Amino acid sequence: MLKPDIIARSNDAARARLASDYDALGEHLDRRGISIDAIKAKVATYGVAVPSWGVGTGGTRFARFPGPGEPRDIFDKLDDCGVIHQLTHATPSVSLHIPWDAQPAADLTSKAEEVGLGFDAMNSNTFQDQPDQPHSYKFGSLSHTDAATRQQAVDHNLACIELGRAIGSKALTIWVGDGSNFPGQTNFTRQFERYLDAACQIYAALPTDWTLLTEHKMYEPAFYSTVVQDWGSNLLIAQHLGEQAKCLVDLGHHAPNVNIEMIVARLTQFGKLGGFHFNDSKYGDDDLDTGSIDPYRLFLVFNELVEAEGTPGFSPMHMLDQSHNVTDPIESLMVSAMEVQRAYAQALLVDREALLGFQEDNDALMATSTLKQGFRTDVEPILAMARLTAGAAIDPVAAYRASGYRNTVAEIRPQSRGAGGGIV
Ligand SMILES: [Mn+2]
């Protein structure tokens, strides 16, 4: 963790300017009938989970170019995640990936407590083979043609639940790479039946206060067909399994130009929106930093979420899931968490009563202008003031760079090797 005086010094340089910007924005919002302090209070309680795998440098199918001081294990990762939360006050929990992060529960919880974090959803991994694993996932896991391989994948998910229970997690996220690379390679129906059967076994072991999140993805690693390829298949799974099964929407897992915010609305309407993996995308599952390509789409997703706020039982989980190939992962994760928070704040500013009126009157131009007014508002002073009030940094990236954290950890963490691909 960083010494508090590093953050205080950084904040002192920006405090007066922020106060003036906050007052100016407050005056502007007041004219729109919005209390800036009320928005700030809501933003201050908002949190998005950091993926443990996100603090290491990612890569492509071709190569990975590691940076200095990369985390060696989950305990180093939790240190990095602790710094991200310390500086942003926007990332109170970490999502673990098993077996990458498998360690005794007591060690995980004591480290998390030390760095002031909790645990978000557990993520199972049946898309790669582990050392000493009897059955290979080369041709699938939960939907494999071989019963013993399916059972091995089910057992792994049950182990994830068991560890998650011991560390205070409340959800399991399942994503499988199962699919096919050639037309005719698999029977779509039989393969999906096998998947559903295996998923039912996992669902049966779910604690009563847990959610089972299934994540769809259009393609990759299977390039012809994928078992859980779209939100339709995902919804069928959630409906088939039961009440505690819900759909997870990863923003990058759709075809280009797909109307993701409408998928969010549909899943919300039928009580099946379970959570998000936030990231951004230009062409496919690019895993780019959240809000870096299309911040308006992120805002439109949050517009649906704010619209649904207060609906009984509506509490989707929010996680980042992205790969940092050319940036310091800590900086990318801080900026991304703030982008998610920004979209939330902007969506809170939408005049919903006016919007509904224009919708009812079929005034398309005024409806879309009303919506966009939220997006056009620069809410940075609200986010920065929420951070300052919480003891975090007005400018997290500046404070992080001034702290020299990366160089400090690089002294104790050996340079990691860069060979090979590194998709995360
Ligand atoms: Mn994801």
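Everything quoted here is computed from the prediction, not taken from an experiment.

An account of the nonpolar core is needed here, citing residue identities and associated values.
In terms of nonpolar packing, the biggest core is built from 97 residues, with L87, L172 and I382 touching the most fellow members. Once residues within four sequence positions are removed from consideration, L87 is found in contact with I7, M334, A392, A393, P396, A399 and Y400.

Please give an account of the sheet that holds strand β3 (residues 118–124) that cites residues and values.
Pairing is parallel across the open sheet formed by eight strands, whose spatial order is β1-β2-β3-β4-β6-β8-β9-β10. One side of each edge strand has no neighbouring strand; the edge strands of this open sheet are β1 (50–51) and β10 (317–320). As paired strands, strand β9 (residues 273–278) and β10 are joined by four bridges and run parallel to one another. Bridging from a neighbouring strand, H277 pairs with M319 of β10. Running at roughly 145 degrees to β10, helix α10 (residues 329–348) makes contact with β1, β9 and β10 of the sheet.

Explain the pairing of strand β4 (residues 171–174) residue by residue, including any values.
Residues A171 and T173 point to one face of β4 and L172 and I174 to the other, with burial holding for every one of them. For β3 and β4, the ladder comprises two bridges, and the chain directions are parallel. Bridge pairing in β4 links M122 to L172. In this fold, β3 hands off to helix α5 (residues 147–167), which returns the chain to β4; that crossover is right-handed. When β4 meets strand β6 (residues 211–215), the two strands line up parallel, connected through four bridges. Residue pairing in the sheet places I174 in a bridge with T214 of β6.

Tell me about unusual backbone geometry, and name the residues and values.
Residue P99 is bonded to the preceding I98 through a cis peptide linkage, with omega at 15 degrees. Among the secondary structure elements, P99 is positioned in the loop between β2 (93–98) and α4 (105–114). Residue P221 follows E220 across a cis peptide bond; omega there is 10 degrees. Relative to the elements of secondary structure, P221 occurs in the loop between β6 and β7 (225–226). Phi is positive for N257, close to 75 degrees, though the residue is something other than glycine. You can see N257 is positioned in the loop between β8 (245–250) and α8 (260–269). Residues other than glycine seldom take positive phi values, yet N362 does so here, at roughly 55 degrees.

About the thresholds
Residues numbered from 1 in each chain as written. Predicted model: local features only at pLDDT ≥ 70, side-chain atom pairs only at ≥ 80, totals over all residues. Core = buried A, V, L, I, M, F, W, Y, C linked by C-beta atoms within 7 Å. Buried ≥ 20, exposed ≤ 12 C-beta atoms within 10 Å, placed from the backbone. Contact = placed C-beta atoms within 7 Å. Pairing = 2+ DSSP bridges. Helix = DSSP H or I, 4+ residues; strand = E, 2+ residues; numbered from the N terminus. Axes fitted to C-alpha atoms, helices over the stretch in contact; angles between N-to-C directions. Right-handed = clockwise from strand over helix to strand, strands pointing away.

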